[in-house]
Amino acid sequence: MTDLSTKRERDRLKFREDQPYTQRLCEGGYLTFRRGPDTWGARFRDRHGKQHHFPLKHVGANDYDGAKAAAETWIAQLTNSAVRTVKRSTVRSALEAYLEDLKRHGRPDAAKDALRRFRLLVWDDPLAALSLEAATRDDFEEWRSRQLDRTRKPRTLNRHVRSVAAALNRALELGYVGNSAAWTLKALVDGIEEGGETAVFLAVAHRRALAAAAETNLATFLRGLELTGARPQELAQAVVGDLGMETIRLAHKKGRPPKLRPRHTLLTVEGFAFFKAQAANKSIRDPL
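Residues numbered from 1 in each chain as written. Predicted model: local features only at pLDDT ≥ 70, side-chain atom pairs only at ≥ 80, totals over all residues. Heavy atoms only, no water.

What follows covers the packing of helix α3 (residues 91–104) against helix α6 (residues 154–173). At a minimum axis separation of 8 Å, α3 and α6 run at an interaxial angle of 85°. As judged from the angle between their axes, α3 and α6 are roughly perpendicular. Seen from α3, the contacting residues are Val91, Ala94, Leu95, Tyr98 and Asp101; seen from α6, they are Val164, Ala167, Leu168, Arg170 and Ala171. For the contact of α3 with α6, the class distribution of residues is 8 nonpolar, no polar and 2 charged. (Axes fitted to C-alpha atoms, helices over the stretch in contact; angles between N-to-C directions. Helix = DSSP H or I, 4+ residues; strand = E, 2+ residues; numbered from the N terminus. Parallel < 35°, antiparallel > 145°, perpendicular 65-115°, else oblique. Contact = heavy atoms within 4.5 Å. Nonpolar A, V, L, I, M, F, W, Y, C, P; charged D, E, K, R; others polar.)

Working note: regular strand, side chains alternate between the two faces of the sheet. Burial analysis of strand β3 (residues 39–45) places 5 of its 7 residues in the buried class, the great majority of the element. Relative to β3, strand β2 (residues 29–34) runs antiparallel, the two being bridged by 6 bridges. By the bridge assignment, Phe33 is partnered in β3 with Trp40. Taking the residues between adjacent antiparallel strands as the criterion, β2 and β3 are bridged by 4 residues, where Gly36 takes a positive phi near 115°. The pairing of β3 with strand β4 (residues 51–55) spans 5 bridges and is classified as antiparallel. (Buried < 20%, exposed > 50% of the residue type's maximum accessible area, 1.4 Å probe, protein only. Pairing = 2+ DSSP bridges.)

Listed below in structure tokens is the structure:
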């Protein structure tokens, strides 16, 4: 065993083509140093006796502390895995494993939605072919920049990036080797508070102009939104039976898992008269 902690000791090592010099870090885990090119690496022997190797290409020749920390991080990812054997493959393979995991847990719709995102963002990008364990934050930053260059809005891209990151985090739980810090990116700023909404307020004149330009049924629907402040989907789903003497019952699904959240909105005299006219000659189960 060799002490690789000082440059003086490393400079005394002889060039050895077949095997790098090693320093034990833990049970089965080693930091390696190859004299000549002066490159660092990590090695780990699992409980089945299989050897795993990981080149630390991003660490400088004289950065012992950085090499040791990187090796320990990589070894920790292997030893903390809850699966029988670890998997070392590409970013695409890890994302595909996530899709299969969704299907296996009875979430085909979520898998379909995730696949759409991955096809849009990853499959045709160089990131897909990168080794997950070797991919760095620079790789993911460059990938995001390429997506932004495709005229994607920062807020939309932030959602896509979070989706990919969540999938890769799940892949780690499934046994894939990688560093979650690489794909944990700070959200892009687009002038809109992250997680918020873009609020656009229309003056009365604007609302009237919009309704006047709309087809009759749409104009009626827009008037209903104006009188209730309802979300479009809430009003579209309302039935005649939801109309009371002073209120209208509105409901939408919210939360995870989504639950139906009803609320009752107080109507003005004008609002009640409007909706009573819409309900005329309809049964209580008909759309309002």
